[in-house]
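So the chains spell out like this:
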Amino acid sequence: LDVGLYGAATVSDNEFNSYWDAGPAGAVDFVTPFYVGRASLLVRVGVDDAIAGQSTSGYTSIFGALGWRVGRSLVEHLRADIGLHVGLTEWIFDSEDDAAVRYEMEPGTEAGVRLAYEFAHRWHAVAEASYQSTFTYQRIERAYVSVGIARSFGAPGWIRGVLE
């Protein structure tokens, strides 16, 4: 079982950026071998501010998704994976206007490529580029670059039992 913590930055530039200023984001993921690949649970939280002069509200977003990755070792201690996540994005808007929508949840997908370098026993430095689509009335597409650290643990017996 690998557990990772990452900082993420939005690097896409599209119509979305006319209304919101992409703020910081962070993610945690849990990854485990599963048949011919690796199963993943990803949660990313981001805070975006409304652009001054726009009739929008800032918000906090939470993307929770299940995923599948496949990959291989490139050289000793360096692994590359590609993967796909499918999940839900929840937006919690800052607006205090009673007539405004405060919460919204929509389905989304994310594809990504990741490099992980084992710099010490069970410790990995990770870099990832990903592209997320959220299926709202007007689809929201965002590209992220994430960097962080992951630690490998022996999976508890009950998790191994469930996965087998």
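Please read all numbers here as calculations on a predicted model, not as lab measurements.

**Focus on the overall build of the protein chain**
Along the backbone of the protein chain there are one helix and eight strands. The order of helices and strands in the protein chain, counted from the N terminus, is β-β-β-β-β-β-β-β-α. With respect to the principal axes defined by its C-alpha atoms, the protein chain has extents near 50 × 30 × 25 Å. Within the protein chain, contacts between residues at least 6 apart in sequence are counted, and of these 54% link residues at least 24 apart. Taken as a whole, the protein chain presents about 9500 Å² of accessible surface, with 62% of it coming from carbon and sulfur.

**A closer look at the environment of aspartate 13**
Residue position: aspartate 13 is located in the loop between strand S1 (2-10) and strand S2 (20-34). The exposure class of aspartate 13 is exposed, given its relative accessible area of 70%. A sequence separation of 128 residues divides aspartate 13 from glutamate 141, and the C-alpha atoms of the two residues are 9.5 Å apart.

**A few points about a nonpolar patch on the surface**
Taken together, the side chains of Tyr35, Val36, Trp68, Val70, Ile82 and Val113 define a hydrophobic patch exposed on the protein surface, amounting to about 640 Å² of accessible area. With respect to the helices, strands and loops of the structure, isoleucine 82 is situated in strand S5 (residues 78-93).

**Here we look at the pattern of salt bridges**
All told, the structure shown has eight salt bridges when counted by the stated rule. Of the charged contacts in the structure, one is a salt bridge between aspartate 2 and arginine 38, with a shortest N-O distance of 2.6 Å. A residue pair is termed long-range when its members are at least 10 positions apart, and aspartate 2 in strand S1 and arginine 38 in strand S3 (residues 37-50) qualify at 36 residues. Arginine 38 shares its class with aspartate 2; the two are buried. Via salt bridges that share partners, Asp29, Arg69, Arg114 and Glu128 belong to a single interconnected network.

**Examining the pairing of strand S7 (residues 123-134)**
Judged from the 12 bridges that link them, strand S6 (residues 103-120) and S7 form a sheet pairing that is antiparallel. Bridge pairing in S7 places alanine 111 opposite tyrosine 131. Hairpin connection of S6 to S7: two residues between the antiparallel strands, including arginine 122 at a positive phi of 75 degrees. Across 12 bridges, S7 lies against strand S8 (residues 140-152) in antiparallel orientation. Looking at S8, one finds that serine 130 is bridged to tyrosine 144. Counting the residues that bridge the hairpin from S7 to S8 gives five residues.

**Observations concerning the pairing of S2**
Of the pairings in the sheet, the one linking S1 to S2 comprises seven bridges and is antiparallel in character. Counterpart to leucine 5 in the pairing with S2 is valine 28. Bridge count for S2 against S3 is 13 bridges, and the pairing is antiparallel. Residue alanine 22 lies in a different strand from S3, and its bridge partner there is aspartate 48.

Calculation notes
- Residues numbered from 1 in each chain as written.
- Predicted model: local features only at pLDDT ≥ 70, side-chain atom pairs only at ≥ 80, totals over all residues.
- Heavy atoms only, no water.
- Helix = DSSP H or I, 4+ residues; strand = E, 2+ residues; numbered from the N terminus.
- Contact = heavy atoms within 4.5 Å.
- Areas by Shrake-Rupley, 256 points an atom, 1.4 Å probe, with all protein chains shown as cover.
- Buried < 20%, exposed > 50% of the residue type's maximum accessible area, 1.4 Å probe, protein only.
- Patch = residues over 30% accessible without salt bridge, like charges linked within 9 Å, V, L, I, M, F, W, Y side chains within 5 Å.
- Salt bridge = Lys/Arg side-chain N within 4 Å of Asp/Glu carboxyl O.
- Pairing = 2+ DSSP bridges.

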